[in-house]
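These are the residues of each chain, in order.
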Amino acid sequence: MSAPDPTGTSQLPLLVVIDPAARLWDGESVRIARDVLSARAPGVKVCLPETPEEAERALVRRGSRRPVVVGDDRALLRTVRLLHRERELDDVALSVVPVGAAERVRLACGLGVPPDAVSAARTVLDGAPRRLGLLTDDSGGVVLGDLRIPGSPAERGSSGADGRGSPGGERARGEKAGERAGQGAPVVQALSALPGLSRTRRSLSRSVRAVRVGRGVRGDVPVPPQRLRVEADGVLLADLDEPVMEVSVQPGAGAHAGLAQVTVRPSEDRSGPVRVRARAVTVSGPDFHYRADALVGGPVRVRTWTALARAWSLVLPVGRPR
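Residues numbered from 1 in each chain as written. Predicted model: local features only at pLDDT ≥ 70, side-chain atom pairs only at ≥ 80, totals over all residues. Heavy atoms only, no water.

**Q** What am I meant to see in the overall build of the protein here?
**A** Of the regular secondary structure elements, the protein holds eight helices and 14 strands. Counting only contacts in the protein whose residues sit at least 6 apart along the sequence, the fraction spanning at least 24 positions is 68%. Carbon and sulfur atoms form 52% of the exposed surface of the protein, whose accessible area is close to 16100 Å². (Helix = DSSP H or I, 4+ residues; strand = E, 2+ residues; numbered from the N terminus. Contact = heavy atoms within 4.5 Å. Areas by Shrake-Rupley, 256 points an atom, 1.4 Å probe, with all protein chains shown as cover.)

So, in structure tokens, the structure goes:
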């Protein structure tokens, strides 16, 4: 059972930061969350940033207000990363109201936040902070739920200027490419009705299929094994002469808090995956991409992730099993 809030966090005034993507995706859920919070939290301040930079400025200047993020996993991760960078993450009880497509709020809901706006908003007011573990990397990145190497093919190339990825950038571009490909279908059909243009029709059809498949819109392209060196607390798990299909790392919980669960899947299944727990994991090799929760990072040649126990607080429903 979650203990009552001994710090009086629930009595602090709120700063509600509503991500612009959430307003575009589901304005009704945003309105409901805002109404619930405003009705029961006197002095609530609502921020409607147009860019991530505006959201960061509002969070930095929040004073004693408790931050509430209304948005998807990317908005949550940006907030956690900012608080980590400002060395405030350990002292803040963060709340989130998930708003977005199901696959884009999977992290927040997996951590225990209710998926619907009403329950999530009530949790902001009536819930209790829960200390959780995370992973940090040597570039300032943060992983709350799951790290995987490599990132999926459709997401490669979506890294932002900070080297940790532009959330969903490649997926969004792929969806737009698919839309453009779909818009080309009537043109292909019209050409097919004209005499002597069957060759053009076949060429356009091949182009449409290439756009859909090449941008990852339809189906996943198999990822070839990668040559990576993987070390966990100095112990070698895989070397460059042993290609691996996947490396995954998750923060530990409960009795394993402060230790990361590391899984290395070799390209040959004869020995099965290698699983260990470690405080630090270093991966090196030719340029590789990685997926850290909802963000894609890389290419990099070496990166170290360190597990931290009880490193941040998330407000969750009271009574939720630990």
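Moving on from the coordinates now.
**Q** Would you mind showing me how to read helix H3 (residues 52–60) here?
**A** Residues spaced three or four apart along an α-helix point in a common direction, a consequence of the helix completing one turn every 3.6 residues. Within H3, burial applies to Ala-55, Ala-58 and Leu-59. Looking straight down H3, one finds its buried side chains confined to an arc of 100°; they lie on one side. Residues of H3 that are buried make contact with strand E1 (14–18), strand E2 (45–47), strand E3 (66–71) and helix H4 (73–85). (Buried < 20%, exposed > 50% of the residue type's maximum accessible area, 1.4 Å probe, protein only. Arc of directions from axis to C-beta.)

**Q** Quick question: what am I supposed to make of empty space enclosed by the protein here?
**A** As enumerated under the stated definition, the model contains three cavities of 30 Å³ or more in all. Quantified by volume, the largest cavity comes out at close to 110 Å³. Lining the largest cavity are Val-17, Asp-19, Pro-52, Ala-55, Glu-56, Leu-59, Val-69, Ala-75, Arg-78, Thr-79 and Leu-82. The set of elements that each furnish at least two residues to the lining of the largest cavity consists of H3 and H4. Looking at the lining of the largest cavity residue by residue, the class counts come to seven nonpolar, one polar and three charged. (1 Å grid on protein atoms, 1.4 Å probe; cavity = no way out; pocket = protein on both sides within 12 Å on 5 of 7 lines; lining within 4 Å. Points joined across faces, edges and corners; volume = space filled by probe spheres on them. Nonpolar A, V, L, I, M, F, W, Y, C, P; charged D, E, K, R; others polar.)

**Q** Before we go on, may I ask you to explain the packing of H3 against H4 in this structure?
**A** Following both chains from N to C, one finds H3 and H4 inclined at 50°, their axes separated by 11 Å at the closest point. With respect to their mutual orientation, H3 and H4 come out oblique. Handedness of the H3/H4 crossing: right-handed. Judged by residue contacts, Pro-52, Glu-56, Leu-59 and Val-60 of H3 engage Arg-78, Thr-79, Leu-82 and Arg-85 from H4. Broken down by class, the residue content of the contact of H3 with H4 amounts to four nonpolar, one polar and three charged. (Axes fitted to C-alpha atoms, helices over the stretch in contact; angles between N-to-C directions. Parallel < 35°, antiparallel > 145°, perpendicular 65-115°, else oblique. Left-handed = near helix turned anticlockwise from the far one by under 90°.)

**Q** Just checking my understanding: could you explain the packing of aromatic side chains for this structure?
**A** The way to describe two aromatic rings as a pair is by their centre distance and the angle between their planes. For the coordinates displayed, the defined rule picks out one aromatic pair. Geometrically, the ring pair formed by Tyr-290 and Trp-305 is edge-to-face, given 5.2 Å between the ring centres and 80° between the ring planes. With Tyr-290 in strand E13 (residues 280–292) and Trp-305 in strand E14 (residues 295–316), this residue pair connects regions lying 15 residues apart in the sequence. Each of the two residues, Tyr-290 as well as Trp-305, counts as buried. (Phe/Tyr/Trp six-rings, centres within 6.5 Å; stacked < 30°, edge-to-face > 60°.)

**Q** So what exactly am I meant to see when it comes to the pairing of strand E10 (residues 244–251) here?
**A** On any regular strand, side chains alternate: one points to one face of the sheet, the next to the other face. Across the eight residues of E10, six count as buried, placing the element largely inside the fold. Pairing of E10 with strand E11 (residues 260–266), which is carried by seven bridges, proceeds in the antiparallel orientation. When the bridges of E11 are listed, Val-249 appears paired with Val-262. (Pairing = 2+ DSSP bridges.)

**Q** I would appreciate a short explanation of unusual backbone geometry in the present structure.
**A** Put simply, Ile-149 and Pro-150 share a cis peptide bond, and its omega is 0°. Following the sequence through the fold, Pro-150 ends up in the loop between strand E7 (147–149) and helix H7 (169–192). Backbone torsion omega between Gly-298 and Pro-299 reads 5°, so that peptide bond is classified as cis. If you trace the backbone, Pro-299 turns up in strand E14. Positive phi, normally seen in glycine, also occurs at Asp-233, with a value near 50°. Along the chain, the position of Asp-233 falls in the loop between strand E8 (229–232) and strand E9 (235–238). For Asp-293, which is not glycine, the phi dihedral falls at a positive 55°. Looking at the element boundaries, Asp-293 is found in the loop between E13 and E14. Owing to a relative accessible area of 10%, Asp-293 belongs among the buried residues under this scheme.

**Q** Would you mind showing me how to read the nonpolar core here?
**A** The nonpolar side chains of soluble globular proteins are, as a tendency, buried together. Grouped together as the largest cluster of nonpolar side chains are 42 residues, with contacts concentrated most on Leu-14, Leu-37, Val-80, Val-97, Leu-144, Trp-312 and Leu-314. Discounting chain neighbours no more than four positions away, the residues touching Val-80 are Leu-89, Leu-94, Val-142, Leu-144 and Trp-312. One finds Ile-149, Val-247, Val-281 and Ala-292 within the second-largest nonpolar core, a separate group that totals 24 residues. (Core = buried A, V, L, I, M, F, W, Y, C linked by side-chain atoms within 4.5 Å.)

Remember, this is a structural readout, not a statement about activity or role.
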